[in-house]
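# Observations on chain architecture
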Amino acid sequence: MITMNKLKAINIGQKGFTLVEILIAIAITAIIGSAIGTATYQVVNISSSSTNHQIAITQIQNAVYYISRDAQQAQFIIPKDAILDTPLPAVGGVISFDFFGSLVPPVPLCKIVIEWIEWDMTHKEITYSIVNGSLQRSFSINSGVPEITSVANNISAVSGSWDTDSKVLIITITVTVNVPKPAIETRTFQIKPRP
């Protein structure tokens, strides 16, 4: 009996939390948890958007690098119809072109052919076209078997013009990265081939 009396004496001085105090503590914990969850979601979302934007810029830089390098070596730049393989018509000395590979099935509508002859009389030809959203570079020497390289991905549109008088190639490239958050980037650049 002595132990029961001691337990009763100890319990008399103790007080617990009321139901209201417990509910307030749970509400405060829920508010703090939701704020942390929202902040974490925003950080991940912004990071994803930033990553997609950087991917789009990198793809445009790749395309600009290859096209510029090849076009600066060119003696001839010929926008052609991809299906008929014939040069596009010039209007007032300017050949305008649009090409994309978003048709079903994907068919490139246009291609840019860059040609030059080296000092040792080797004929080099580079063709750019879009296949399934990828900018493809086809390089051949003396009309041999072409070496095909994908230089940029996620290309949604390429348009431009070739001025036959001033010999300036103007190209606008649009890249769209859709997963998981869309990022669209468009750049226009001018290239003057060698004289």
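Computed from a predicted model, the values in this text were never measured in an experiment.

Looking only at helices and strands, one finds two helices and nine strands in the protein chain. Out of the 195 residues belonging to the protein chain, those deemed buried represent 32%. Carbon and sulfur atoms make up 64% of the accessible area of the protein chain, which amounts to about 12300 Å² in all.

On average, residues of the protein chain carry a pLDDT of 80, and 85% of them reach 70 or more. When mean pLDDT is taken per element in the protein chain, strand E6 (residues 147–152) scores highest with 89 and helix H1 (residues 2–12) scores lowest with 65. Contacts from residues 101–107, a stretch scored under 50 in pLDDT, to residues over four places away or in other chains number nine contacts.

Another point: the sheet that holds E6. Spatially, the five strands line up as an open sheet ordered E1-E3-E4-E5-E6, and their pairing is antiparallel. Two strands bound the open sheet, and with one partner strand each, they are strand E1 (76–81) and E6. Each adjacent strand pair in this sheet contributes to an overall mean axis angle of 25°, direction not counted. Direction of pairing for strand E4 (residues 123–131) relative to strand E5 (residues 134–141): antiparallel, over a ladder of eight bridges. The residue of E5 that forms the bridge with serine 129 is glutamine 136.

We now examine the environment of isoleucine 46. With respect to the helices and strands, the residue isoleucine 46 is situated in helix H2 (residues 19–73). Residue isoleucine 46 is classed as exposed on the basis of its relative accessible area, which comes to 55%. Separated by 135 residues in the primary sequence, isoleucine 46 and lysine 181 have C-alpha atoms spaced 9.4 Å apart.

Before going further, it helps to spend a moment on the environment of glutamate 147. Tracing the sequence through the fold places glutamate 147 in strand E6. Judged by relative accessible area, glutamate 147 falls into the partly exposed class, the value being 49%. Remark: the alpha-carbon pair of glutamate 147 and isoleucine 126, spanning 21 residues in sequence, is separated by 9.3 Å. Beyond its immediate sequence surroundings of up to four residues, glutamate 147 is in contact with Arg137, Ser138 and Phe139.

Relative to the helices and strands, arginine 137 is located in strand E5. A polar contact is formed between the side chain of arginine 137 and the side chain of aspartate 70, at a distance of 2.8 Å. Arginine 137 has contacts with Tyr66, Arg69, Asp70, Ile126, Thr127, Tyr128, Glu147, Ile148, Thr149 and Val151, leaving out every residue within four places of it along the chain.

Although it is not a glycine, asparagine 142 adopts a positive phi angle of roughly 50°. With respect to the element layout, asparagine 142 can be found in the loop between E5 and E6. Despite not being glycine, lysine 167 has its phi angle at roughly 55°, a positive value. Relative to the assigned elements, lysine 167 resides in the loop between strand E7 (155–163) and strand E8 (168–177).

Calculation rules
Residues numbered from 1 in each chain as written. Predicted model: local features only at pLDDT ≥ 70, side-chain atom pairs only at ≥ 80, totals over all residues. Heavy atoms only, no water. Helix = DSSP H or I, 4+ residues; strand = E, 2+ residues; numbered from the N terminus. Buried < 20%, exposed > 50% of the residue type's maximum accessible area, 1.4 Å probe, protein only. Areas by Shrake-Rupley, 256 points an atom, 1.4 Å probe, with all protein chains shown as cover. pLDDT = per-residue confidence, 0-100. Contact = heavy atoms within 4.5 Å. Pairing = 2+ DSSP bridges. Axes fitted to C-alpha atoms, helices over the stretch in contact; angles between N-to-C directions. Polar contact = N/O pair within 3.5 Å; in protein donor to acceptor, adjacent residues only side chain to side chain.

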